[in-house]
Amino acid sequence: MANPNLYIKQMEMGPMQNFVYFVGDKKTREVAVVDTAWDVPEILKAAEKEEVTITHALVSHYHFDHTNGLPDLLKELDVPVYINKAEEQWMKGLAAENTKAVKSGDKIKLGEIEIEFLHTPGHTPGSQCFLVDGNLISGDTLFIDACGRTDLPGGNPEDLYHSLTTKLMKLDDSTILFPGHNYSELQTVTMGEQKETNPFLNIPTLDDFLKKFGYKE
Ligand SMILES: [Zn+2]
């Protein structure tokens, strides 16, 4: 049973179809903002309108389109910023003192709601997803019917294959996917649906995966 106190709000922002999220506890009104980018005044206005208090910031990965709002956010709010330890160094100019480096399996709690960090390298070395009471906020690791690219610096298709097959494919079919960009007609789907329709989740071997990505003839 999903926790009735669970609160998730999806907001599209900026020129690259990014999704920014609030996730937290409906009762205590504490939320984490996931991937603070593009329009901090809009994020703060949304928090006011929703009557929630931003107490944490979570970073799916260091790319600028997921982090460029952190300096402005931290001017307004002194909140901890959670990033995977593999990408801690990228936070220097963005969130220096507020940075909290985490590893896979670490958890934080907002009210009654527990958020678990799931390290899913591939798109970047420290890419992480957030597991929240049967929901997966996936950053750029997994999109609806697609996955993150691996041809940017630090990208690694082998790592991505393992993250998809040994971590995300293992999630329960009822898990709801909340991706990092609005690249699809739908904004959320279940992992059960993704296991059937996402071509990147249905590649039997690493070799096939590398060929599909064009890393191997
Ligand atoms: Zn990215």
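Throughout what follows, the structure given in this document is the object of discussion. (Residues numbered from 1 in each chain as written. Predicted model: local features only at pLDDT ≥ 70, side-chain atom pairs only at ≥ 80, totals over all residues.)

Here we look at the overall build of the chain
Then, in step 1: For the chain, the count of helices and strands is seven helices and 14 strands.
Then, in step 2: By the compact-globule yardstick of 17 Å for 217 residues, the chain fits well, its C-alpha radius of gyration being 16 Å.
Then, in step 3: Expressed as lengths along the three principal axes of its C-alpha atoms, the size of the chain is roughly 50 × 40 × 30 Å.
Then, in step 4: Residues classed as buried in the chain amount to 42% of the 217 residues present. (Helix = DSSP H or I, 4+ residues; strand = E, 2+ residues; numbered from the N terminus. Rg over C-alpha atoms; globule rule 2.2 N^0.38 Å. Buried ≥ 20, exposed ≤ 12 C-beta atoms within 10 Å, placed from the backbone.)

A word on the sheet that holds strand β14 (residues 189–190)
Adjacent strands of a sheet form backbone hydrogen bonds with each other and so pair up, either parallel or antiparallel.
Then, in step 1: Read across the open sheet, the six strands follow the order β7-β8-β9-β10-β13-β14; overall the sheet is mixed. Only two strands of the sheet have a single partner each, and these edge strands are β7 (107–110) and β14.
Then, in step 2: Inspection of the sheet shows strand β13 (residues 176–178) paired to β14 by two bridges, in the antiparallel sense. Paired with isoleucine 176 across the bridge in β14 is threonine 190. (Pairing = 2+ DSSP bridges.)

Remarks on the nonpolar core
Then, in step 1: Within the largest apolar cluster, 55 residues are counted, with the highest numbers of intra-cluster contacts made by Val23, Ala32, Val34, Phe130 and Ile137.
Then, in step 2: In this view, phenylalanine 130 contacts Val34, Leu58, Ile115, Phe117 and Ile137; residues no more than four positions away in its chain are not counted. (Core = buried A, V, L, I, M, F, W, Y, C linked by C-beta atoms within 7 Å. Contact = placed C-beta atoms within 7 Å.)

Observations regarding the sheet that holds strand β6 (residues 99–102)
Then, in step 1: An order of β1-β2-β3-β4-β5-β6 is seen for the six strands of this open sheet, with the pairing classed as mixed. Sheet topology places β1 (6–13) and β6 at the edges, where each strand pairs with a single neighbour. The sheet shows a mean angle of 25 degrees between the axes of neighbouring strands, direction not considered.
Then, in step 2: In terms of strand pairing, strand β5 (residues 81–84) meets β6 through four bridges, oriented parallel. Directly across from tyrosine 82, in β6, lies its bridge partner lysine 100.
Then, in step 3: In the packing of helix α1 (residues 40–50) onto the sheet, the strands contacted are β1, β2 (18–25), β3 (30–34) and β4 (53–58), and the crossing angle to β1 comes to about 145 degrees. (Axes fitted to C-alpha atoms, helices over the stretch in contact; angles between N-to-C directions.)

Focus: the pairing of strand β9 (residues 128–132)
In regular strands, side chains alternate between the two faces of the sheet.
Then, in step 1: Of all five residues in β9, five are buried; the element is thus mostly enclosed.
Then, in step 2: Across the two faces of β9 the burial is the same, with Gln128, Phe130 and Val132 and Cys129 and Leu131 all buried.
Then, in step 3: Alignment of strand β8 (residues 113–119) against β9, held across four bridges, turns out to be antiparallel. In the sheet register, glutamate 116 faces β9, and the bridge partner there is leucine 131.
Then, in step 4: Of the pairings in the sheet, the one linking β9 to strand β10 (residues 135–137) comprises three bridges and is antiparallel in character. Bridge assignment links valine 132 to a residue of β10, and that residue is asparagine 135.
Then, in step 5: Between β9 and β10, which pair antiparallel one after the other, the connecting turn spans two residues, and aspartate 133 there sits at a positive phi close to 50 degrees.

Some details on the pairing of β4
Then, in step 1: Bridge analysis of β3 against β4 gives five bridges, and the strand direction is parallel. Paired with valine 33 across the strands is alanine 57, a residue of β4.

As for helix α5 (residues 157–167)
Then, in step 1: Turning to α5, its buried residues are Pro157, Leu160, Tyr161, Ser163 and Leu164. The buried residues of α5 occupy one face: seen down the axis, they fall within an arc of 165 degrees.
Then, in step 2: At its buried positions, α5 is contacted by β11 (142–143), β12 (146–147) and α7 (206–212). (Arc of directions from axis to C-beta.)

Re the environment of threonine 120
Then, in step 1: Position of threonine 120 among the secondary structure elements: in the loop between β8 and β9.
Then, in step 2: Judged by the 31 C-beta atoms lying within 10 Å of it, threonine 120 falls in the buried class.
Then, in step 3: Not counting chain neighbours up to four residues away, the residues in contact with threonine 120 comprise Ser127, Gln128, Cys129, Thr141, Ser163, Lys167 and Leu168.

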